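Spelled out from the first residue to the last, the chains are:
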Amino acid sequence: MTSSTLAAPRGRRGSDYAQLSRRVAEAGLFGRRPGWYAVRIGLTLGAFLAGWAVVVAVGDSWVQLLLAAGMAVATTQVAFLGHDAGHRQMFRRRGPSELAGLVAGNLTVGLSYGWWVDKHNRHHANPNHADEDPDVGAGALVWTHEQAAETRGLGRWMARRQAFLFFPLLLLEGLALHVASVQALVGREPDGRWRTPVRHRAVEGLLLIAHAAGYLGLLFAVMSPGKALLFIAVHQGLWGLYMGCAFAPNHKGMPMPTAEDDLDFLRKQVLTSRNVRGGRFVDVALGALNYQIEHHLFPNMPRANLRRAQPIVQAYCAEQGIPYAETGLVESYRQALAHLHEVGRPLRAG
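To keep things clear, this report deals only with the structure shown in the data block. (Residues numbered from 1 in each chain as written. Predicted model: local features only at pLDDT ≥ 70, side-chain atom pairs only at ≥ 80, totals over all residues. Heavy atoms only, no water.)

**Some remarks on the packing of aromatic side chains**
- Evaluation of the coordinates by the stated rule reveals 10 aromatic pairs.
- Centroid distance Phe48 to Trp52: 6.2 Å. Interplanar angle 80 degrees. Geometry classified as edge-to-face. Within this pair, Phe48 and its partner Trp52 are both found in helix 2 (residues 34-58), separated by 4 residues, close to a single helical turn. For the pair Phe48 and Trp52, one class covers both residues: buried.
- Both rings, one in Phe166 and one in Phe167, keep their centres 5.1 Å apart while their planes meet at 70 degrees; by these two values the pair is edge-to-face.
- We classify Phe166 as buried; its relative accessible area is 6%. (Phe/Tyr/Trp six-rings, centres within 6.5 Å; stacked < 30°, edge-to-face > 60°. Helix = DSSP H or I, 4+ residues; strand = E, 2+ residues; numbered from the N terminus. Buried < 20%, exposed > 50% of the residue type's maximum accessible area, 1.4 Å probe, protein only.)

Take a look at the structure:
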């Protein structure tokens, strides 16, 4: 879905968002939640470490393939903590936030925290903007008719069928994230400058090496090479699938503003985002990213407060006549796949 010209009412730029922020602040929802995060971190890391302890205890058994699936869930939950640290939802200060992000991202998951923060901040600044949001840039999938028209060879073949290939391709997302992390740390421009800004490049590199050594060393120490390789395939494949399924409902199939659109911050964030309805299970399963509208409006709001902010934001959008998208999880995937299918339609017709 692409946008027509979208604009905020003249004379009110910024004031609408400021008024909403005051309402949310009056509800006390910008305060840190140290107790909540202490429990969440303890439970998440506890489950993660306990899972690896079970892997060691089980040893050279085919049961490891089931454990690999469980560890994919645990790994994604740790990645959600890294996401929260990147937005400074846990701590106000940069130092503790970066420490938590480096431990969760580089050491525990094997994902460059600095690369992800740079990429994710650009996404938040211009969500669903084909030219400025790295999450909808042309790649294995294309998100606009213009991107589809530029494909050639295998890329064009995939673009025609991308709605059907979407979930299978997510099985490679974990591998892609690892590769992108390494490329971000070592990649340079032709003039010698670093391609990606990373504050702690040497530390990140050492932590990624430690992660790889610990991960591979443990697996090949407790099981045969064949089983270890299968464990890696299942674990990394399902981790990528879970990550993709957690992020896909948020923006895919929502309006895609262009340089011609005239949106203030409030409308830019609300109109391009989609919430996913559900209870506490969905909140935990998606790392509270199901409150995507609220998260984009207030990215440093602690995850635990997003549920309480949701009715305030929804009511305010209704007052201002701003469309507020909310749907079920299955319907969110249907809309995302429908968008992918529509983007590839001209190629199938040709």
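**Here we look at the pattern of salt bridges**
- Per the counting criterion, the structure on display carries 13 salt bridges.
- Where Arg199 meets Glu98, a salt bridge forms, and the shortest distance between an N and an O atom there is 2.7 Å. Taken together, the residues Arg199 in the loop between helix 9 (173-186) and helix 10 (201-222) and Glu98 in helix 4 (residues 94-109) connect sequence positions 101 residues apart.
- With a relative accessible area of 11%, Glu98 lands in the buried category.
- Where Asp135 meets Lys119, a salt bridge forms, and the shortest distance between an N and an O atom there is 2.6 Å. You can see Asp135 sitting in the loop between helix 5 (113-125) and helix 6 (145-149) and its partner Lys119 sitting in helix 5, a full 16 residues away along the chain.
- We classify Lys119 as partly exposed; its relative accessible area is 23%.
- What you see here is one network of salt bridges that share partners, running through Asp16, Asp264 and Arg267. (Salt bridge = Lys/Arg side-chain N within 4 Å of Asp/Glu carboxyl O.)

**Comments concerning unusual backbone geometry**
- With a phi angle near 65 degrees, Asn128 is a residue other than glycine that sits in the positive phi range.
- Along the chain, Asn128 falls in the loop between helix 5 and helix 6.
- Despite not being glycine, Ala288 has its phi angle at roughly 65 degrees, a positive value.
- By the element assignment, Ala288 lies in the loop between helix 13 (280-285) and helix 14 (292-297).
- With a relative accessible area of 4%, Ala288 lands in the buried category.

**Here we look at helix 15 (residues 306-320)**
- The end-to-end C-alpha distance of helix 15 is 20 Å, a good match for the 21 Å that 15 residues give at a rise of 1.5 Å each.
- Residues of helix 15 that are buried: Leu306, Ala309, Gln310, Val313, Tyr316 and Cys317. Along helix 15, the residues classed as buried sweep out an arc of 145 degrees about the axis, all on the same side.
- Residues of helix 15 that are buried make contact with helix 1 (15-26), helix 12 (265-271), strand 1 (275-276), helix 14 and strand 2 (326-327).
- Once helix 15 ends, the next one or two residues include Gly321, with phi positive near 70 degrees. (Expected span 1.5 Å × (residues − 1). Arc of directions from axis to C-beta. Contact = heavy atoms within 4.5 Å.)

**Comments concerning the packing of helix 2 against helix 10**
- Orientation of helix 2 relative to helix 10, taken along the N-to-C sense of each, is 30 degrees, at an axis distance of 8 Å. The orientation of helix 2 relative to helix 10 falls into the category roughly parallel. Once helix 2 is placed against helix 10, the crossing between them reads as left-handed. Of the residues in helix 10, those touching helix 2 at Trp52, Val55 and Val56 are Tyr215, Leu218, Leu219 and Val222.
- Looking at side-chain class alone, the contact of helix 2 with helix 10 contains 7 nonpolar, no polar and no charged residues. (Axes fitted to C-alpha atoms, helices over the stretch in contact; angles between N-to-C directions. Parallel < 35°, antiparallel > 145°, perpendicular 65-115°, else oblique. Left-handed = near helix turned anticlockwise from the far one by under 90°. Nonpolar A, V, L, I, M, F, W, Y, C, P; charged D, E, K, R; others polar.)

**Details of the side chain of Gln162**
- Among the structural elements, Gln162 can be located in helix 8 (residues 162-170).
- The exposure class assigned to Gln162 is buried, which follows from its relative accessible area of 1%.
- Here Gln162 is in contact with Leu141, Val142, Leu340, Val343 and Gly344, once residues within four sequence places are set aside.

**Overview of the nonpolar core**
- Counting residues in hydrophobic clusters, the biggest one holds 29 residues, and the most contacted among them are Trp52, Val55, Met71, Trp115, Leu219, Met223 and Phe231.
- Take this core: its biggest share by element is 6 residues, from helix 3 (residues 64-86).
- Once residues lying within four places of it in the same chain are set aside, the contact partners of Met71 are Phe48, Gly51, Trp52, Val55, Phe231 and His235.
- In terms of nonpolar packing, the next biggest core, distinct from the first, is built from 20 residues, Val24, Val270, Leu306 and Tyr324 among them. (Core = buried A, V, L, I, M, F, W, Y, C linked by side-chain atoms within 4.5 Å.)

**A word on the side chain of His129**
- With respect to the helices, strands and loops of the structure, His129 is situated in the loop between helix 5 and helix 6.
- In this view, His129 contacts Val136, Pro257, Thr258 and Ala259; residues no more than four positions away in its chain are not counted.

**Observations concerning a nonpolar patch on the surface**
- A contiguous nonpolar surface patch, about 330 Å² in accessible area, is contributed by Val54, Val58, Val63 and Leu66.
- Residue placement: Val63 occurs in the loop between helix 2 and helix 3.
- A relative accessible area of 43% means that Val63 is categorised as partly exposed. (Patch = residues over 30% accessible without salt bridge, like charges linked within 9 Å, V, L, I, M, F, W, Y side chains within 5 Å. Areas by Shrake-Rupley, 256 points an atom, 1.4 Å probe, with all protein chains shown as cover.)

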